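Working through the structure, step by step
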Amino acid sequence: MLEKIRFTKMHGAGNDYIYVDTTKYTIADPVAAAIQWSKFHTGIGSDGLVLIGSSETLDADFSMRIFNADGSEAMMCGNASRCIGKYLYERGLTRKTKIRLKTNSGVKILLLDVQDEQVKSVTVDMGCPHTAVPSQYNPALGDALGGTFISMGNPHYVLFVDDINGIEVEKTGQEMECHQAFPQRCNIEFAQVIAKDRIRTRVWERGSGITMACGTGACATAVAAVLTGRAERKTDIVMDGGTLCVEWKKEDGHVYLSGPATIVYDGEILV
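From a predicted model like this one, the values you see are computed outputs, not experimental measurements. (Residues numbered from 1 in each chain as written. Predicted model: local features only at pLDDT ≥ 70, side-chain atom pairs only at ≥ 80, totals over all residues. Heavy atoms only, no water.)

1. Some words on the side chain of Asp47
In this fold, Asp47 is placed in the loop between α1 (30-38) and β3 (48-54). Here Asp47 sits buried without a salt bridge, and the closest side chain of opposite charge, Lys9, lies 8.6 Å off (N-O distance). Not counting residues up to four positions away in its chain, the partners in contact with Asp47 are Gly14, Asn15, Asp16, Tyr17, Ser38, Phe67, Asn68, Ala69, Ser208 and Thr211. (Helix = DSSP H or I, 4+ residues; strand = E, 2+ residues; numbered from the N terminus. Buried < 20%, exposed > 50% of the residue type's maximum accessible area, 1.4 Å probe, protein only. Lys, Arg positive; Asp, Glu negative; His and termini not counted. Salt bridge = Lys/Arg side-chain N within 4 Å of Asp/Glu carboxyl O. Contact = heavy atoms within 4.5 Å.)

Put into structure tokens, the structure is as follows:
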């Protein structure tokens, strides 16, 4: 007998996911669900599937698991975590405006800007970036590509270009995601500095392809720009689906990602 599962479609700057409250519904095979539901013509259509759950530990209020459109599980997603903050508050699951969210890359803090009971924007403390290339990647090959490796809980490779409109994002992004420098694949950002506080960025996400935006990708771009002397510590990252604000604070070394989160619609799917 088929079962109805309620879901919510949300996006942060066009980075769209399917959200399911797993305290109410069980997703027996999230890998298969992410692949099927993310298809635009035969499914719901999205960049992936996000499972919202309770936390089994005292250091977090809720938990998140995220599966890309190809079924691979991601460590972290800045835009998805921001959307979860809006979901939790506006659906009455919490009255907190500071939420501790457990992810596969640790506990992240969500700060909600609430006006008239509506969450207008969400800031997520992404923690400290890591610039050391992990052992499973090939630093010599990576350096030869001319980019900057940044980990925001998941791996990113940022390439600064003179004209972002001249980049074949799909072709180059796909090639670089699977480049031998990155045996476990990598997220790729193409960035053009417009001003010291404004960067135009396009993203090829590992497991999802071209996406309208990427929260961790925006953070990685901002950090790489600071490290290479291209930008200030607070920067607007302009992506295909909208603009995100990233601040890499000197005081604590943490990266803060801010922007809107939008509920598109609620629906039901039979499984």
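2. Re the environment of Glu73
Within the element layout of this structure, Glu73 appears in strand β5 (residues 73-74). Considering only alpha carbons, one finds Glu73 and Asn104, 31 residues apart in sequence, at a separation of 9.2 Å. Glu73 has contacts with Arg65, Ile66, Phe67 and Asn104, leaving out every residue within four places of it along the chain. Among the polar contacts listed, one links the side chain of Glu73 to the side chain of Arg65, at a separation of 2.8 Å. (Polar contact = N/O pair within 3.5 Å; in protein donor to acceptor, adjacent residues only side chain to side chain.)

3. Details of helix α4 (residues 169-177)
Regarding α4, the residues found buried are Val169, Gly173, Met176 and Glu177. What you see down the axis of α4 is that its buried residues fit within an arc of 100 degrees, all on one side. Buried-residue contacts for α4 involve β10 (155-160), β11 (187-195), β12 (198-205) and β13 (209-211). (Arc of directions from axis to C-beta.)

4. Side note on the environment of Pro260
Position of Pro260 among the secondary structure elements: in the loop between β16 (255-259) and β17 (262-270). A relative accessible area of 38% means that Pro260 is categorised as partly exposed. A sequence separation of 138 residues divides Pro260 from Val122, and the C-alpha atoms of the two residues are 6.3 Å apart. If sequence neighbours within four positions are ignored, Pro260 has contacts with Gly12, Ala13, Arg82, Lys120, Ser121 and Thr243.

5. What about the pairing of strand β4 (residues 62-68)?
By the criterion of burial, β4 is predominantly enclosed, with 6 of the 7 residues buried. Of the pairings in the sheet, the one linking β3 to β4 comprises 7 bridges and is antiparallel in character. Across the sheet, residue Ser54 finds its bridge partner in β4, namely Phe62. Taken together, the 2 bridges between β4 and strand β6 (residues 98-103) define a ladder with parallel strand orientation. In the strand pairing of β6, Phe62 is matched with Leu101. When β4 meets β5, the two strands line up antiparallel, connected through 2 bridges. Within β5, the position partnered with Ile66 by the bridge is Ala74. Taken together, β4 and the strand that follows it, β5, pair antiparallel across an intervening segment of 4 residues, in which Gly71 is found at a positive phi of about 95 degrees. (Pairing = 2+ DSSP bridges.)

6. Notes on the side chain of Asn154
Here Asn154 lies in the loop between β9 (148-151) and β10. With a relative accessible area of 6%, Asn154 lands in the buried category. Among the polar contacts made by the side chain of Asn154, one reaches the main-chain carbonyl oxygen of Met76 at a distance of 3.3 Å.

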